[in-house]
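Letter by letter, the chains look like this.
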Amino acid sequence: MSQVDAPRGRTCSRTLRSVALLTSGVLSLPVLTGCASDEAENTGKAAAQDIAATRRDRIADGGSLRWAIDALPTTLNVFQADADAATTRVAGAVLPSLFVLDKSGSPRRNPDYVESAKVVKREPKQVVLYKLNQQAVWSDGREIGAADFVAQWRALNGKDSAYWTARNAGYERIEKIEKGADDLEVKITFKKPYADWKSLFTPLYPKEVTGTPASFNDGARSTLKSTAGPFQLKSVDRKAGTTTLVRNPRWWGQQAKLDRLVLTEVPREKRAAALVEGTLDLADVDRSTADRIVLAARDKGSKKAHGPGAAVAESEAIEAYTAEESALRRYVVRKSLEPAYTQLALNGETGPLADDRVRRAVARALNRKELAETVLTPLGLPATPPGSHLALAGQRAYKDNSAALGEQNTEEAQALLADAGWTTDGARMKPAPAKAGNEAKASPSVSSKASPSVSSKASPGASPSGSAGTSPKASASTSASTSAKASTKASPAAAPEAAEKEAAHKKKEEDVASNDGMYIVGDDKPAGHGHEAGTHILAPAPAAALQGMAVKRQARSLDGGVPGAYAPRGTAAPARASGRIGKNGKPLTLRFVLPSGPGSEALRAVGDKIVRMLDRIGVHTEITKVADDSYFKDHVASGNYDLALYSWPATAYPATDARPIFAKPVPATDGSLLVEQNYTRVGSDYVDQLFDRAAAELDEDAARDLVRRADARIWAAAGSIPIYQRPELVAARPDVANAGAFGFGTPRYQDIGFKKPKAANGPKK
């Protein structure tokens, strides 16, 4: 898969967070306990890991495993902006992780470092008490203790700008850290309740790294003098392209099975060649490489060749390719679903998609199941589209909330477009004549967007990605100029009735309550101010739902359309199976930006199907293919798109990690728009409040309920539509044990190794 789509390593969304909008504090527990503790609710099933799980006594002692990485780490400090997947892998093997994720994506206490960790007091302030493993020491012999916690807190709490940090979420909520009853106890007092406290201090750095700005900024970029994991860093050889980890002689836990772990720099496009050469033991691969490995194994003993050689008549080329297939038979493909999902993003800042009805129409034109099957079914992986933006199947917070938007329905999508003024008649109208002088109104572009002015802050180190395998580094906060909003809808020159309708929808940015029976993004204010009472629901109101069913029945017997599913009285019926639609003579055209690099084939295939689905409702799309290295920075982050495909990693801490992704954009002091990581520019105060309340809710059931409510609102706003959970494909030598497609699970590095060879005359298993 291309690197545009794959955020490697931990999600970067744990960034500097915007000011909390909630002032009323935490929800009272009795209110939500009843509905939140329904354990019978189906959270779905996580895809199984594929790691050749093997007992330690069946793994040989010793050996060196060569594990492919995209590039050598530019820093070994995961809290810096240029940290990447290699940084995360090194940190996981050599530094303390107080909590790790199990195969369902839930945090679990790591007994190698922590004997117990729990909230011991909630009032008047939250207090968490850690009891550390008494054997836990740094590689220089010093005990891990409170001093390390204090130094990391001070480096990451955001108070000292001399520390070059990319993320601090959670650390700013801590009031103090002190030693407990003895040196093995660490007591942390929070000034604000924090539900995701388990996310903190993983990894934990020694105080020698975090104690001063100089050591934090530069002391851990190329070396780690003190470590405390099953492995320790031996060298980073930039000439050879390797980072070598060796056993830690001071490790107190179960000894690492491998003598050394060699992280080897091999770009994605060169992985197949490296596997053929036999220079790797373990490597994430794209679909084309995985297919070659599978076909090579299937055709063992035959002269049949696949791929480039199959189309070449010359015997030498066929023989060369057959030799490559023979080399690839030394590997197997391990596969699962990666903890990340690919979404269709709809840019709601300007243009037609600023109208929530148009976004909902686009969303309801999509057959998400068909799109997911396009990518996953050929791989033999489950192709159920994700039902949540904030959790994936198997996670405790998961619930399918897609009904808040509605299922795929062409007629209802057309009705929504008609209600927004986009009809076949509108496409045939002559454009309104331009007005002179101050009366001239700028008409919004429907086929492209002006490049907005952008200001970016330090990247947190992981980002959404746009294809099947590259993770562009996203800005922690992006400012997109609101000057692009200067263009407004031109007054129609057609019938007065049409003009009245246009004027009625022109005041969207006043953020007032709506009364059309559907939740509108930003519709968080109480009704009033001269408007009718608003409703705040996540699905069609009963009358609208009945109307939607009537649409389906009537559409079967009428040549044309019928009054639309959520359209108010008097809305013209859309034509059934119509051609292009438009408004005031301007066709509805959306600019669909896709990456063009190798490995992005899956995204482009999905994009082509989306184009055909939108064609059915009369929406024209113009596909623009751009280079991978500019796809995110110059298009997604800057808002220079209407539609785009990219991915977000899942997280065990959605109240913290997902908030910047869906936060309501707010004006900055310079007049630009601060979007954090919400590159769709669609959000609401109420969703922000739900996130804030979930982050402060110490009752796990109540916090889960708040996260699910936030997700339902996100679905209803139709700013991003989850399409499929990304595949995870790993090439491995058959004897590599406890490594491969990890899914949600955190690798247990000390258990990775090579299986013992079976005795020649041993009993058959």
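Residues numbered from 1 in each chain as written. Predicted model: local features only at pLDDT ≥ 70, side-chain atom pairs only at ≥ 80, totals over all residues. Heavy atoms only, no water.

A.B. asks: Where do I start with the overall build of the protein chain in this structure?
C.D. replies: From N to C terminus, the protein chain includes 20 helices and 24 strands. Classification of the 765 residues of the protein chain by burial places 55% in the buried group. If you take every contact in the protein chain between residues at least 6 apart in sequence, the share linking residues at least 24 apart comes to 74%. Accessible surface for the protein chain amounts to roughly 31,500 Å². Of this, 52% is attributable to carbon and sulfur atoms. (Helix = DSSP H or I, 4+ residues; strand = E, 2+ residues; numbered from the N terminus. Buried < 20%, exposed > 50% of the residue type's maximum accessible area, 1.4 Å probe, protein only. Contact = heavy atoms within 4.5 Å. Areas by Shrake-Rupley, 256 points an atom, 1.4 Å probe, with all protein chains shown as cover.)

A.B. asks: Just to check I follow, could you spell out unusual backbone geometry for this structure?
C.D. replies: Both trends apply: most residues other than glycine have a negative phi, and most peptide bonds are in trans. Look at the link from Glu123 to Pro124: it is a cis peptide, with omega at -5°. Relative to the assigned elements, Pro124 resides in the loop between β4 (114-121) and β5 (127-132). Looking along the chain, the bond that leaves Thr202 and enters Pro203 is cis, with omega of 0°. Note on placement: Pro203 falls in the loop between β7 (185-190) and α4 (207-210). Of note, Asn584 is a non-glycine position whose phi angle comes to about 55°, a positive value. Its location among the elements puts Asn584 in the loop between β15 (582-583) and β16 (586-587).

A.B. asks: Explain the packing of helix α10 (residues 368-376) against helix α15 (residues 601-615) to me, please; I cannot follow it from the model alone.
C.D. replies: If you want to describe how two helices pack, look at the angle between their axes and the distance between the axes. Axis separation between α10 and α15 bottoms out at 10 Å; the angle between their running directions is 155°. Overall, the two elements α10 and α15 adopt an arrangement that is roughly antiparallel. Taken as a pair, α10 and α15 cross one another with a handedness that is right-handed. Every residue of α15 that contacts α10 at Glu370, Leu371, Thr374 and Val375 is listed here: Ala602, Ala605, Val606, Lys609, Ile610 and Met613. In terms of residue class, the contact of α10 with α15 is built from seven nonpolar, one polar and two charged. (Axes fitted to C-alpha atoms, helices over the stretch in contact; angles between N-to-C directions. Parallel < 35°, antiparallel > 145°, perpendicular 65-115°, else oblique. Left-handed = near helix turned anticlockwise from the far one by under 90°. Nonpolar A, V, L, I, M, F, W, Y, C, P; charged D, E, K, R; others polar.)

A.B. asks: Mind showing me how you'd approach the side chain of Glu185 here?
C.D. replies: Structurally, Glu185 is set in strand β7. A distance of 2.9 Å separates the side chain of Glu185 from the backbone nitrogen of Ala181, its partner in a polar contact. Setting aside anything within four residues of it in sequence, one finds Glu185 in contact with Leu129, Tyr130, Lys131, Glu178, Lys179 and Gly180. (Polar contact = N/O pair within 3.5 Å; in protein donor to acceptor, adjacent residues only side chain to side chain.)

A.B. asks: Sorry, what's going on with the packing of aromatic side chains here?
C.D. replies: Here a ring pair, both rings aromatic, is described through the centre-centre distance and the interplanar angle of the planes. Inspection of every chain in the model, using the stated rule, returns 17 aromatic pairs. An aromatic cluster of at least three residues, connected via ring pairs, comprises Phe79, Phe99, Tyr130, Phe149, Tyr171, Trp197, Phe201 and Tyr205. Residue placement shows Arg89 over the ring face of Trp67; its charged tip is 4.1 Å from the ring centre. (Phe/Tyr/Trp six-rings, centres within 6.5 Å; stacked < 30°, edge-to-face > 60°. Lys NZ or Arg CZ within 6 Å of the ring centre and 35° of its normal.)

A.B. asks: Please explain the confidence of the model for the protein chain as it appears in this structure.
C.D. replies: A low pLDDT score tells you not to read the predicted coordinates there in detail. Taken as a whole, the protein chain shows an average pLDDT of 80; of its residues, 72% reach a score of 70 or greater. Low pLDDT, under 50, characterises residues 437-463; the stretch is placed with 85 contacts to residues that sit more than four places away or in other chains. (pLDDT = per-residue confidence, 0-100.)

A.B. asks: Quick question: what am I supposed to make of the sheet that holds β5 here?
C.D. replies: Working definition: the strands of a sheet are paired by backbone hydrogen bonds and lie parallel or antiparallel to each other. Ordered by their spatial adjacency, four strands build an open sheet running β4-β5-β7-β6, and the pairing between neighbours is antiparallel. Edge positions in the sheet fall to β4 and β6 (174-179), since each has one partner strand and no second. Direction aside, neighbouring strands of the sheet carry axes that sit 15° apart on average. In terms of strand pairing, β4 meets β5 through six bridges, oriented antiparallel. (Pairing = 2+ DSSP bridges.)

A.B. asks: Help me understand the pattern of salt bridges, please; the structure alone is not making it clear to me.
C.D. replies: Taken as a whole and assessed by the stated rule, the structure comprises 35 salt bridges. A salt bridge links Arg364 to Glu412, with the nearest nitrogen and oxygen atoms 2.8 Å apart. Note that Arg364 is positioned in helix α9 (residues 356-364) and Glu412 in helix α11 (residues 410-419), a separation of 48 residues in sequence. Salt-bridge contacts for Arg580 lead to Asp615; the nearest nitrogen and oxygen are separated by 3.8 Å. Placement of Arg580 in the loop between α14 (542-555) and β15 and of Asp615 in helix α15 is noted, with a sequence separation of 35 residues between them. Residue Arg580 is classed as partly exposed on the basis of its relative accessible area, which comes to 44%. Of the residues examined, Asp615 reaches a relative accessible area of 34% and is grouped as partly exposed. Several salt bridges share partner residues, and in doing so they unite Arg56, Asp112, Arg748 and Asp751 into one network. (Salt bridge = Lys/Arg side-chain N within 4 Å of Asp/Glu carboxyl O.)

A.B. asks: Please explain the nonpolar core as it appears in this structure.
C.D. replies: With 71 residues, the main nonpolar core has Tyr130, Phe149 and Phe201 as its most contacted residues. Broken down by element, this core gets its largest block of residues, six residues, from helix α3 (residues 146-156). With near-sequence residues (within four places) excluded, Phe201 lies in contact with Pro96, Leu98, Tyr130, Phe149, Gln152, Trp153, Tyr171, Ile174, Ile177 and Ile188. Counting residues in each nonpolar core, the second largest holds 60 residues, with Val285, Leu379, Ile581 and Phe592 among its members. (Core = buried A, V, L, I, M, F, W, Y, C linked by side-chain atoms within 4.5 Å.)

A.B. asks: Please clarify how the pairing of strand β18 (residues 620-626) should be interpreted in this entry.
C.D. replies: Across a regular strand the side chains alternate sides, sitting on one face of the sheet and then on the other. Sheet analysis places strand β17 (residues 589-595) next to β18, joined by seven bridges and oriented parallel. When the sheet's bridge partners are listed, Thr589 is paired in β18 with His620. One crossover worth recording links β17 to the parallel β18 by way of α15, and it is right-handed. (Right-handed = clockwise from strand over helix to strand, strands pointing away.)

A.B. asks: Teacher, can you tell me more about the environment of Pro385 here?
C.D. replies: Here Pro385 is to be found in the loop between α10 and α11. Considered as a pair, Pro385 and Arg368 are 17 residues apart in the sequence and their alpha carbons are 6.2 Å apart. Beyond its immediate sequence surroundings of up to four residues, Pro385 is in contact with Arg368, Lys369, Ala372, Tyr398 and Ile723.

A.B. asks: Help me understand the environment of Arg287, please; the structure alone is not making it clear to me.
C.D. replies: Examined against the element boundaries, Arg287 turns out to sit in helix α7 (residues 287-298). Between the C-alpha atoms of Arg287 and Ala602, which are 315 residues apart in sequence, the distance is 8.9 Å.

A.B. asks: Where do I start with α3 in this structure?
C.D. replies: Note that an α-helix has 3.6 residues per turn; residues three or four places apart therefore point the same way. Of all eleven residues that make up α3, nine are buried, and the element is covered over most of its length. Where α3 is concerned, the buried positions are Ala146, Asp148, Phe149, Val150, Ala151, Gln152, Trp153, Ala155 and Leu156. Packing partners of the buried residues in α3 comprise β5, β6, β7, α4 and α5 (213-218).

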